[in-house]
Amino acid sequence: MTPESLARAVARDRRPEPAGPETARRYVNQWVEREALGSDEVRAFVLILKTRGCYWADLKGCSMCGYAKDTLGRSATPAELAEQLARALDRYHDEPYVKVYTSGSFLDDREVDRSSRRAIATAFSGRARRLLFETLPEFATAETLAPLREAFAGELEVALGLETTDPVVLARFVHKSASPTEYLEAADRVRALGLRAKGYLLLKPPYLTEEESVADVLASIERAAPHFDTLSVNPVHIQNGTVVEWLYHRGRYRPPWLWSVVEVLRRGAGTRGTTRLVSFPTAGGLRRGPHNCGTCDAGVLEAIETASLTQEFSPLDALDCPCRARWESHRALEPLGVEA
Ligand code: SF4
Ligand SMILES: [Zn+2]
């Protein structure tokens with residue numbers, strides 16, 4: 001099976017049937033996590049709304065993304081979105097940082113209509129200092145962003161899943177719909193409107209070796225930093241119903257080592273300029289997430305989180321474990337087809 005036909009087959013299989021009204025009244029998930037606003041460590045309220053999801057996931061989808069399973073299989077009505085918001089607000093305790101995700105693009109009218117977007121921004125206005133949402137680059141325009149800027153008294157942060165600045169890696173291995181240039185231009189538009197731009201970089205897309213993926217993220221940090229206020233390195237974790245999972249089950253994919261995350265933060269710290277560089281690995285230390293030997297994982301994850309919050313990267317230099325030598329061998333031998 002070619003990577004192209006594999007991606008389309010996986011996309012076909014994972015799409016949910018259109019959901020009934022009861023499902024549509026409930027958001028996907030909500031939690032509170034550690035974050036930073038400047039030098040202040042704060043609590044962030046994270047909300048994942050249930051919407052029709054990413055249109056690109058219907059057509060082909062990205063090789064590591066399984067968010068389609070958290071979607072409705074149809075657009076949510078404004079009333080359904082209002083009910084999801086009301087339920088979430090019951091659990092909101094004025095956390096200063098609010099992140100609203102949709103398993104797709106918050107600015108795509110098919111996912112969240114304009115009046116619902118405005119209602120969401122208004123609901124957190126005056127209570128949160130910063131409101132973040134994620135979108136594909138084509139929806140980040142003055143037309144979609146200006147009404148939200150009016151509705152929210154605070155900082156708006158627009159997150160863009162750039163993943164890599166290498167056009168070949170982005171198109172052929174990650175399977176994104178847009179080019180790196182379109183992401184960088186969207187970040188420029190966002191900042192020209194006075195909003196913050198956050199970029200996600202993907203560590204270890206399928207079909208890259210560990211060594212290639214470290215080099216890819218380092219090059220991407222250097223190239224993207226002038227366009228973003230924050231760059232967040234997301235090491236791949238294996239989500240259900242994805243190309244990455246298909247490869248993993250056939251022994252053709254291992255999630256990245258946490259040492260690779262440490263490496264890109266340490267070396268990226270020197271090329272990021274004034275851009276914040278962070279990483280909060282999902283499923284860190286688990287078999288299907290970025291992991292080391294199992295013994296050092298918790299300590300390394302804690303150090304990665306602390307460095308991300310404080311922007312002090314030198315403590316990462318002191319991390320060590322016998323498995324670090326195995327990671328070094330793996331990086332050297334993997335391109336030769338030999339497992340360390
Ligand atoms: S990673 Fe983003 S663009 Fe790609 S399929 Fe998932 S939600 Fe859509
Ligand atoms: Zn270890």
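Residues numbered from 1 in each chain as written. Chains lettered and ligands numbered in written order. Predicted model: local features only at pLDDT ≥ 70, side-chain atom pairs only at ≥ 80, totals over all residues. Heavy atoms only, no water.

Undergrad: So what's going on with the coordination of the zinc ion (ligand 2)? Residues and values would help.
TA: Around the zinc ion (ligand 2), the protein supplies C293 (SG), C296 (SG), C321 (SG) and C323 (SG) as donor atoms, at distances of 2.3 to 2.4 Å. One can describe the donor arrangement at the zinc ion (ligand 2) as tetrahedral, given that its 4 donor atoms subtend angles of 104 to 113° at the metal. The motif formed by the donor residues of the zinc ion (ligand 2), counted along the single chain, is C-x2-C-x24-C-x1-C. One end of the pair, C296, is in the loop between strand 8 (276–278) and helix 12 (297–310); the other, C321, is in the loop between helix 12 and helix 13 (323–333), with 25 residues separating them in the sequence. Overall, C296 belongs to the buried group, its relative accessible area being 10%. (Donors = N, O, S within 2.8 Å, 3.2 Å for Na, K, Ca; no water. Tetrahedral: all angles 85-135°; square planar, octahedral: opposite > 155°, others 65-115°. Helix = DSSP H or I, 4+ residues; strand = E, 2+ residues; numbered from the N terminus. Buried < 20%, exposed > 50% of the residue type's maximum accessible area, 1.4 Å probe, protein only.)

Undergrad: So what's going on with the sheet that holds strand 6 (residues 196–203)? Which residues, and what values?
TA: Reading across from one edge, 1-2-3-4-5-6-7-8 is the order of the 8 strands in this open sheet, with mixed pairing throughout. Both edges of this open sheet fall to strand 1 (29–37) and strand 8, since each of them pairs with a single strand only. Mean inter-strand twist for the sheet, computed between neighbouring axes without regard to direction, equals 25°. In this sheet, strand 8 lies alongside strand 7 (residues 230–235) in parallel orientation, the contact comprising 3 bridges. The partner of T230 across the bridge, within strand 8, is R276. (Pairing = 2+ DSSP bridges. Axes fitted to C-alpha atoms, helices over the stretch in contact; angles between N-to-C directions.)

Undergrad: Outline the pairing of strand 1, supporting the account with residue identities and numerical values.
TA: The two faces of a sheet get side chains in turn, since along a regular strand they alternate between them. Sheet topology places strand 1 next to strand 2 (residues 40–48); 9 bridges connect them, and they run antiparallel. Looking at strand 2, one finds that V32 is bridged to F45.

Undergrad: Provide a residue-level description of the nonpolar core, including the pertinent values.
TA: In this structure, F124, F228 and W259 are the most contacted members of the largest nonpolar core, which totals 97 residues. Looking at this core, the element that brings in the most residues is helix 11 (residues 258–268), giving 6 residues. Residues contacting W259, with those up to four places away along its chain left out, are N292, C296, V300, L319, D320, C321, C323, R324 and W327. (Core = buried A, V, L, I, M, F, W, Y, C linked by side-chain atoms within 4.5 Å. Contact = heavy atoms within 4.5 Å.)

Undergrad: Describe the site of ligand 1, listing the residues and the values that go with them.
TA: Lining the immediate environment of ligand 1, one finds C54, G61, C62, M64, C65, L136 and K176. Broken down by class, the residue content of the shell around ligand 1 amounts to 5 nonpolar, 1 polar and 1 charged. (Near = heavy atom within 4 Å. Nonpolar A, V, L, I, M, F, W, Y, C, P; charged D, E, K, R; others polar.)

Undergrad: Give a detailed account of the packing of helix 11 against helix 13, specifying residues and quantitative values.
TA: Helix 13 packs onto helix 11 with a crossing angle of 80° between their chain directions and a minimal axis gap of 10 Å. On the basis of the axis angle, helix 11 is roughly perpendicular to helix 13. Contacts from W259, S260, E263, R266 and R267 of helix 11 reach helix 13 at C323, R324, W327 and R331. Considered class by class, the residues forming the contact of helix 11 with helix 13 number 3 nonpolar, 1 polar and 5 charged. (Parallel < 35°, antiparallel > 145°, perpendicular 65-115°, else oblique.)

Undergrad: Tell me about helix 5 (residues 114–124), and please be specific about residues and values.
TA: Among the residues making up helix 5, those that are buried are S116, R117, I120, A121, A123 and F124. Burial along helix 5 is one-sided: seen end-on, the buried residues are contained in an arc of 160°. Check the buried side of helix 5 and you find it contacts strand 2, helix 4 (78–89), strand 3 (97–101), strand 4 (130–134) and helix 6 (142–151). Count one or two residues on from helix 5 and you reach G126, which has phi positive near 80°. (Arc of directions from axis to C-beta.)

Undergrad: With reference to specific residues and values, describe the packing of helix 4 against helix 5.
TA: The description of two packed helices rests on the angle between their axes and on the distance between the axes. In the contact formed by helix 4 and helix 5, the axes pass within 10 Å of each other and the chain directions differ by 15°. Looking at the two axes, helix 4 sits roughly parallel to helix 5. As for the relative orientation of helix 4 and helix 5, their crossing is right-handed in sense. Residues P78, L81, L85 and L89 of helix 4 pack against S116, A119, I120, A123 and F124 of helix 5. A breakdown of the residues in the contact of helix 4 with helix 5 according to their chemical character gives 8 nonpolar, 1 polar and no charged. (Left-handed = near helix turned anticlockwise from the far one by under 90°.)

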